Amino acid sequence: MTHDSFAPPQGGGGHDRATHGSVETAKTVALKHDTVPPREAMTSNQGLKISDDQNSEKAGVRGGSLLEDFLLREKITAFDHERIPERVVHARGAAAHGVFEAYEDLGALTMASPFAAKGKQTPVFVRFSTVAGSRGSADTPRDVRGFAVKFYTDTGVWDLVGNDMPVFFINDAIKFPDLIHAVKPEPHVEIPQAASAHDTFWDFASLSPETAHMLMWTMSDRALPRSFAHMEGFGVHTWRLVDAKGGSRFVKFHWKPVKGVHSQVWDEAQKTSGKDADYQRREMFESIERGDFLEWELGLQIVEETDEFAFDFDLLDSTKLIPEELVPVRPVGKLTLNRNPDNYFAETEQVAFCVSHVVPGIDFTNDPLLQGRLHSYLDTQLRRIGPNFAELPINRPLNPVSNNRRDGFAKATIHPGRVSYFPSALGGTHPAHQPKAPDAFRSYAEKVDGHKIRARSTSFTDYFSQATMFWNSMASWEKDHIVAGFAFELNQCETKAVPKAVMANLLVNIHPDLAARVAEETGLDIAECQRVAPKPVVTETAAPAEMPSGRLKVAASPALSMDKVTKGIKGRKIAVLAGEGVDGAQLGTLRSALEARGAIIEVIANRGGTITCSLGKSVKVDRPAANAPSVIYDAVVVPGGASAPKLAGTGLALAFVAEAFKHGKPLAFIGEGTALIAKAHLPVPAAGAPDQGVTTGDAEAAVSALVAGLEKHRFPNRDIASVAA
Ligand code: HDD
């Protein structure tokens, strides 16, 4: 985002900043009490006015620095201690404030307060993240994305700590450290950063067949989201809703993006990592500053307890999803992210999510992955931030906190009085526990009966059915990308035995077509793989009291495919390749028609500043070509005019259109601009071939083709084999 003066930019002005559409919630208003605006006089941490902050105190002007210079030492010490440990996973993230608004009163299902009344608003803070990379890695690796929502409800903080994929790699938390050690950079050389394409990850996966379903998701374009606003979110586990009468039912949480689900393609994602490592966090920040807020609908899949065993999988197994065709997703509210944080460290870095942060009406199930998470998050916040992490402004609930817990590093609140225990006659009745309060948390009284056992339920051992269902649910181009994803990753492995084990233990069991196509791309011989592969590590299993009946099942779930059209092009970025003498009338038509639909038009020329169009008017150049990689745009237009012949002889412009073509983006060429099609060697579709999103015509035709193309998002069936980009 560019600014024309030294005045504090929007979003950087601190306490009193004015933004376009930024909205206050009860939480952002509360945070203002802790927000410190800069004052005119600079002081030390003890409030001492500082006369000179740019020279250390020395013994003579060329002499050594003095130990007594407490201002030097205070400044350097503060700097030395600026970092806290980065998150052991999900280290790279970006966050925003917002609000959740309920569509209806869900009291019959849950007493959770965000759903207590139609129109009820609850402030939220949401952090998106990648999993494997460190804090300084890029936004667009092939990876799962975290989707963590902190609800500041009037009955306490509720954290829904989910991902952008509905299943997980493993189904028992005790394997989590192994999974993460396998996917993180290999310990002897710390390579590769933020990537699963290496031996240790695939070695672990090949011996852990429960990873099969999640691998289908991570090898698909779902692992390459176009932006945060184009991702789905999932609570993953089967959770429990509890109503005021103590009745309970199972639930899966879904976040459905209003802008639709869209992804990048692999070549594009790789290039974006280099050209703009902050691509997704920048886009979220800029959208919110523009007033183009990010929106999702929250949906619930409800399963009554009587149907616990109705499916062909176990509801407690986090490697399984409930197909929407079996249990429809019921929309129950809207999440809107409408305000950027004021300070990355204080808010986004110090926010501490815990799966154990629930409120009355939400409860746990026995999912063994969830059960382990209940420990891990609190433990990690104690390590990362310290015992008083809940007192930090971003983590504090909006409702009052009152208990007898005391002390610890960096205690912020002051508890008066002599009583820090209960019961106490000396302290009167405060704070007293609330056995009768209807809004007090009570654990759901689930009946538990069994022997202690260290084993996996046999109802968790169907590793492949849903991986196969995922494959069956994909459009042909999605299957192509999954094959290419597996092939890329396996070809990246140095130890050739590793891909063989993946083929033998996973791929052949998912689908013969998938196995054959990956074999073709990797040179693997399936029969040989089956002969030499080590056997998966099968853990101890035991039969549960009741097994899934398989009454409800599907072979394919169309809801899983991204091959869908989304209405609207708000926030989509369109590049206009221009230069001196560009056709001004065409530019005007493009700009007014596309901006009226909420798209963002950026004029790109060979240098910064302004150009003059055919109407003699000065046109601002939004980015010089060297600063404008094609990967950060959703579509391209080349207008006619005197600029076009020059562009047709410019390598950067030709590479730009060729790359956009390769990445399946809509392209429009107007008048003299059509010269770039041949110069960039774009293949001309045969007569009568389906629309491939390359339009030639006037400016009006370009507008309607771009709108239709952007709503379709991509043209993934283009012949790109010969495109040099
Ligand atoms: Fe986790 C962070 C999501 C399994 C242990 N996890 C973390 C974050 C998200 C998830 C979104 C980042 C939160 C933030 O923005 O601060 N994790 C998941 C999902 C899982 C999952 C959807 C499976 C359904 N995680 C999982 C397991 C364990 C952990 C099984 C450990 C047994 N996760 C952690 C952690 C992290 C974390 C170590 C690192 C930083 C943090 O918690 O705050 O505790």
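Keep in mind the model is a prediction, meaning the values are calculated, not measured.

Trainee: Just to check I follow, could you spell out the overall build of the protein for this structure?
Mentor: Check the secondary structure of the protein and you find 19 helices and 20 strands. Relative to a compact globule of 725 residues, whose C-alpha radius of gyration would be 27 Å, the protein shows 28 Å and is just as compact. In terms of overall dimensions, the protein has C-alpha extents of about 90 × 80 × 60 Å along its principal axes. Residues classed as buried in the protein amount to 50% of the 725 residues present. By sequence separation, contacts in the protein at least 24 residues apart represent 76% of the contacts at least 6 residues apart. Side chains of the protein carry 78 positive and 88 negative charges; the gap between the two charge centres is 2 Å.

Trainee: What's the story with the domain arrangement of the protein in this structure? I'm lost.
Mentor: When the parts of a complex come together, some accessible area is lost, and that lost area is often used as the size of the interface. Domain parsing of the protein yields domain 1 (89-193 + 222-395) and domain 2 (573-712). Between the C-alpha centres of domain 1 and domain 2 the distance comes to 37 Å. Domain 1 puts 13 residues into the contact, and the matching count from domain 2 is 11 residues. Between domain 1 and domain 2, the buried area comes to about 1,000 Å², and carbon and sulfur atoms account for 51% of it. Linking domain 1 with domain 2 are 4 salt bridges. Linking domain 1 to domain 2 there are 4 residue pairs in polar contact (both at pLDDT 80 or more). Considered class by class, the residues forming the side of domain 1 that touches domain 2 number 2 nonpolar, 3 polar and 8 charged.

Trainee: Hey, could you run me through the sheet that holds strand E20 (residues 694-697) in this one?
Mentor: Whenever strands of a sheet pair, they do so through backbone hydrogen bonds, lying parallel or antiparallel. Taken in spatial order, the 6 strands make up an open sheet running E17-E14-E13-E18-E19-E20, and their pairing is parallel. Unpaired on one side and paired on the other, strand E17 (623-624) and E20 mark the two borders of the sheet. For strand E13 (residues 573-577) and strand E18 (residues 635-638), the ladder comprises 3 bridges, and the chain directions are parallel. Its bridge partner lying in E18, Ile 574 is registered against Ala 635. On top of the sheet, helix H15 (residues 584-596) reaches E13, strand E14 (600-605), E18 and strand E19 (667-670); it is set at about 150° to E14, its chief contact.

Trainee: Can you walk me through the side chain of Asn 340 in this structure?
Mentor: Along the chain, the position of Asn 340 falls in the loop between strand E9 (330-339) and helix H8 (344-349). The buried category is assigned to Asn 340, whose relative accessible area is 2%. Polar side-chain contacts of Asn 340 include one of 2.7 Å to the side chain of Glu 289.

Trainee: I'm lost on the nonpolar core in this one. Help?
Mentor: Soluble globular proteins tend to bury their nonpolar side chains together. Of all hydrophobic cores here, the largest spans 55 residues; its most connected members are Phe 169, Trp 202, Met 216, Ile 482, Phe 486, Leu 507 and Leu 514. Looking at this core, the elements that each hand over two or more residues are helix H3 (176-183), helix H4 (199-207), helix H5 (212-219), helix H10 (465-472), helix H11 (476-492), helix H12 (497-510) and helix H13 (512-522). Among the elements that make up this core, the one with the highest residue count is H12 (8 residues). Ignoring anything within four residues of it in the chain, the contact list for Leu 514 reads Met 216, Trp 471, Ile 482, Val 483, Phe 486 and Leu 507. The next biggest cluster of nonpolar side chains, apart from the first, holds 50 residues, and it includes Ala 112, Phe 151, Trp 255 and Ile 288.

Trainee: What am I meant to see in the packing of aromatic side chains here?
Mentor: Two numbers describe a pair of aromatic rings. These are the distance of the centres and the angle of the planes. One pass over the structure, following the stated rule, counts 24 aromatic pairs. Centroid distance Phe 100 to Trp 255: 6.3 Å. Interplanar angle 80°. Geometry classified as edge-to-face. With a gap of 155 residues between them, Phe 100 in strand E1 (residues 93-102) and Trp 255 in strand E7 (residues 248-257) connect regions that are remote in the sequence. Members of the aromatic cluster, joined through ring pairs, are Phe 100, Phe 115, Phe 128, Phe 147, Phe 151, Trp 158, Phe 228, Phe 253, Trp 255 and Trp 296. Across from the ring centre of Trp 266, 4.9 Å away, lies the NZ or CZ of Arg 142, which sits over that ring.

Trainee: Sorry if this is basic, but what is going on with the coordination of the iron atom of the ligand here?
Mentor: When a metal carries six donors in an octahedron, the ideal angles between them are 90 or 180 degrees, while four donors in a tetrahedron ideally lie at 109.5 degrees. Of all protein atoms, Tyr 377 (OH) alone acts as a donor to the iron atom of the ligand, lying 1.8 Å away. Assignment of secondary structure puts Tyr 377 in helix H9 (residues 368-384).

Trainee: Please clarify how H15 should be interpreted in this entry.
Mentor: Residues separated by three or four positions in an α-helix point in the same direction, a consequence of the helix having 3.6 residues per turn. Helix length check: H15, at 13 residues, gives a terminal C-alpha distance of 18 Å against a target of 18 Å (1.5 Å per residue), a fit within 8%. Turning to H15, its buried residues number three or more, namely Gly 584, Gln 586, Leu 587, Leu 590, Ala 593 and Leu 594. Against E13, E14, strand E16 (618-620), E18, E19 and helix H19 (699-712) lie the buried residues of H15. Looking at where H15 begins, the residue whose side-chain oxygen comes 3.0 Å from the main-chain nitrogen of Ala 585 is Asp 583.

Trainee: How should I be thinking about the layout of surface pockets in this particular structure?
Mentor: Over the atoms, a rolling probe the size of a water molecule traces out where space has been left empty. Considering only enclosed or pocket space, the largest pocket measures out at about 1,800 Å³ in volume. If you trace the largest pocket, you find 47 residues lining it, with Pro 400, Val 401, Ser 402, Asn 403 and Arg 405 closest to the centre. If you add up the space inside the second largest pocket, you get close to 1,400 Å³. Lining the second largest pocket are 31 residues, with Leu 316, Asn 366, Asp 449, Ser 457 and Pro 544 positioned closest to its centre. Of the residues forming the lining of the second largest pocket, the biggest block, 3 residues, is contributed by H9.

Trainee: Teacher, can you tell me more about the site of the ligand here?
Mentor: Inspection of the region around the ligand gives 23 residues, with Arg 87, Arg 127, Arg 373, Tyr 377 and Gln 381 positioned closest. At 2.7 Å, a side-chain N or O of Arg 127 approaches an oxygen atom of the ligand. Here a nitrogen atom of the ligand and a side-chain polar atom of Tyr 377 are 2.7 Å apart. In terms of residue count, H9 provides more of the shell around the ligand than any other element does, 6 residues in total. Taken together, the residues of the shell around the ligand break down into 12 nonpolar, 8 polar and 3 charged.

Rules behind the numbers
Residues numbered from 1 in each chain as written. Predicted model: local features only at pLDDT ≥ 70, side-chain atom pairs only at ≥ 80, totals over all residues. Heavy atoms only, no water. Helix = DSSP H or I, 4+ residues; strand = E, 2+ residues; numbered from the N terminus. Rg over C-alpha atoms; globule rule 2.2 N^0.38 Å. Buried < 20%, exposed > 50% of the residue type's maximum accessible area, 1.4 Å probe, protein only. Contact = heavy atoms within 4.5 Å. Lys, Arg positive; Asp, Glu negative; His and termini not counted. Charge placed at Lys NZ, Arg CZ, Asp CG, Glu CD. Domains from an automatic or database assignment. Buried area = accessible area lost by both parts, 1.4 Å probe. Salt bridge = Lys/Arg side-chain N within 4 Å of Asp/Glu carboxyl O. Polar contact = N/O pair within 3.5 Å; in protein donor to acceptor, adjacent residues only side chain to side chain. Nonpolar A, V, L, I, M, F, W, Y, C, P; charged D, E, K, R; others polar. Pairing = 2+ DSSP bridges. Axes fitted to C-alpha atoms, helices over the stretch in contact; angles between N-to-C directions. Core = buried A, V, L, I, M, F, W, Y, C linked by side-chain atoms within 4.5 Å. Phe/Tyr/Trp six-rings, centres within 6.5 Å; stacked < 30°, edge-to-face > 60°. Lys NZ or Arg CZ within 6 Å of the ring centre and 35° of its normal. Donors = N, O, S within 2.8 Å, 3.2 Å for Na, K, Ca; no water. Expected span 1.5 Å × (residues − 1). 1 Å grid on protein atoms, 1.4 Å probe; cavity = no way out; pocket = protein on both sides within 12 Å on 5 of 7 lines; lining within 4 Å. Points joined across faces, edges and corners; volume = space filled by probe spheres on them. Near = heavy atom within 4 Å.

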